[in-house]
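# Summary of structural features
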Amino acid sequence: MQFDTRVVHDGQPNDPLTGAISFPIYQTSTFSQAEAGAPMEYMGRTLSYARSENPTRTALENAVASLEGGAFGLAFSSGLAAVNTALSLLSAGDHVVACRDLYGGSYRLFTKVYARFGVSFDFVDTTDAGEVERSLRPNTRLLWLESPSNPLLCVTDIAAVSAIARAQGVLTVVDNTFATPYLQNPLALGADVVVHSTTKYLNGHGDVIGGAIVTDDTGIRDRLKFHQNAAGAIPGPQDCFLVLRGLKTLSLRMERHCANAAKIASHLSEHGLVERVYYPGLPSHPGHAIARRQMRAFGGIVSFVLRAEVEASRRFLSRLRVFTLAESLGAVKSLACHPPSMTHASVEPEVRRAAGVADGLIRLSVGIEDAADLVDDLDRALEGVPAGTRRPRAHCASTSLAPAT
């Protein structure tokens, strides 16, 4: 079946017990057993305690796995809970190579938590396959990618760097939140593990927090499943239901997100007050050709920097009326964000700037509203921004972090 059919049907059948066409919310903490140690089987899972299994969660896990073309899916209470579970594959003394500009919450978890436990990280330009290969060590265990990345929308050749990692026994993890399974399938490109914040496009309506992991590897799945159950960062059945409901319109929403973002990126790139636009759909983007090859379209996120100073960026954000100034992304409503003070505030300023994240960077999560209204809103906000000049910042830089002592 094609994606548009699978997104409605796979993983979420009509309820086997009642025939309900919307899979039910199994709002329960535990399940009865006919006798001690003999729990019932349902949907291929053993039901004993809802932290371990819940049918609504099973439906979501199967649905996301199907859309990513993977064999196994696991759902979590947040995107960072999924990231944390993927990191549970590591041990003290292990090394991780990660893309240099990535979600601030992931960077915080890497550097402020796992570094304390003896895991070391190198943040490199993963768009340069040679730099990735040079960064791998004998103790490297994970290659961590975002493509497109957050917030600069850098595009990594997933197939190329996954092959390099695999040749040295390194697992590749791809955070596919920005692209979604509709636009990109990292497992098919050679990745071993895919991570999602289901809070974003998979739910799509800004009313849930959640995460997911997909893999084809039975051994990896068993290790991650053990951690899911042992740590217990699982989503409630209501949250799973909301993501399942959102999934049904994923392809329809992504088509509008992508179309609107392309129009806005093109418009901003021609505006005299805009110094630089980051969007893989622009032919001027350094990763445009790779994005065309490994993505079905270019996504709904546009980042840009104004020629004026930082305070002008804040003034611009305060004048928006259709875009809402807020963290997060991927909802039907358009959002605007200032990463240095919001999503990436936990990244040290010198590290953030070295990675190319300018102090005045603005990230737009382009929603599904009428594109003309969105463009008009941006233009009105830009009218209040004074013209100015600033020195271009480097797009790429490299940083390292050794284990904390």
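Residues numbered from 1 in each chain as written. Predicted model: local features only at pLDDT ≥ 70, side-chain atom pairs only at ≥ 80, totals over all residues. Heavy atoms only, no water.

When you go through the chain residue by residue, the secondary structure sums to 14 helices and 15 strands. Over its C-alpha trace the chain gives a radius of gyration of 21 Å, about what one expects of a compact globule, namely 22 Å for 405 residues. A principal-axis box enclosing the C-alpha atoms of the chain has dimensions of 75 × 50 × 35 Å. The burial tally for the chain puts 57% of its 405 residues in the buried class. Considering only residue pairs separated by 6 or more positions, the chain has 73% of its internal contacts joining residues 24 or more positions apart. (Helix = DSSP H or I, 4+ residues; strand = E, 2+ residues; numbered from the N terminus. Rg over C-alpha atoms; globule rule 2.2 N^0.38 Å. Buried < 20%, exposed > 50% of the residue type's maximum accessible area, 1.4 Å probe, protein only. Contact = heavy atoms within 4.5 Å.)

Turning next to helix 9 (residues 237-247). Listed as buried for helix 9 are Pro 237, Cys 240, Leu 242, Val 243, Leu 244, Gly 246 and Leu 247. Close packing links the buried residues of helix 9 with helix 1 (3-9), helix 2 (55-67) and helix 10 (250-269).

Moving on, we come to the nonpolar core. Looking at soluble globular proteins, one finds that nonpolar side chains tend to be buried together. Counting residues in each nonpolar core, the largest one holds 77 residues, and the members touching the most others are Leu 247, Leu 268, Phe 316 and Leu 364. When residues in this core are grouped by element, the largest group, 7 residues, is from helix 10. The contacts of Leu 364, once residues within four sequence positions are left out, are Ile 264, Leu 268, Gly 300, Ile 301, Val 302, Phe 304, Phe 323, Leu 335, Ala 336 and Leu 378. Listed in part, the 30 residues of the second largest apolar core include Leu 109, Val 119, Leu 142 and Val 351. (Core = buried A, V, L, I, M, F, W, Y, C linked by side-chain atoms within 4.5 Å.)

A word on empty space enclosed by the protein. Rolled over the atoms, a probe as big as a water molecule pinpoints where empty space is left. On inspection of all chains with the given rule, the structure shows 2 cavities of 30 Å³ or more. As for the largest cavity, its lining consists of Arg 100, Asp 101, Leu 102, Tyr 107, His 344, Val 347, Val 351, Arg 352, Ala 355 and Val 357. (1 Å grid on protein atoms, 1.4 Å probe; cavity = no way out; pocket = protein on both sides within 12 Å on 5 of 7 lines; lining within 4 Å. Points joined across faces, edges and corners; volume = space filled by probe spheres on them.)

Evaluated as defined, the whole model comprises 17 salt bridges. Measuring nitrogen to oxygen at the nearest pair gives 2.8 Å for the salt bridge that ties Asp 157 to Arg 293. Here Asp 157 is found in the loop between strand 6 (140-146) and helix 6 (158-167), whereas its partner Arg 293 is found in helix 11 (residues 288-294), with 136 residues between them in sequence. By relative accessible area, Arg 293 is classed as exposed at 55%. A salt bridge links Arg 166 to Asp 192, with the shortest nitrogen-to-oxygen separation between them at 2.7 Å. Of this pair, Arg 166 sits in helix 6 while Asp 192 sits in the loop between helix 7 (180-183) and strand 8 (193-196), and the two are 26 residues apart along the sequence. In this structure Arg 166 comes out as partly exposed when scored by relative accessible area, which is 48%. (Salt bridge = Lys/Arg side-chain N within 4 Å of Asp/Glu carboxyl O.)

A few words now on the confidence of the model for the chain. Of the residues in the chain, 96% have a pLDDT of 70 or more, and the chain-wide mean is 93. Confidence drops under pLDDT 50 across residues 389-405; counting only partners more than four residues distant or on other chains, this segment forms 51 contacts. (pLDDT = per-residue confidence, 0-100.)

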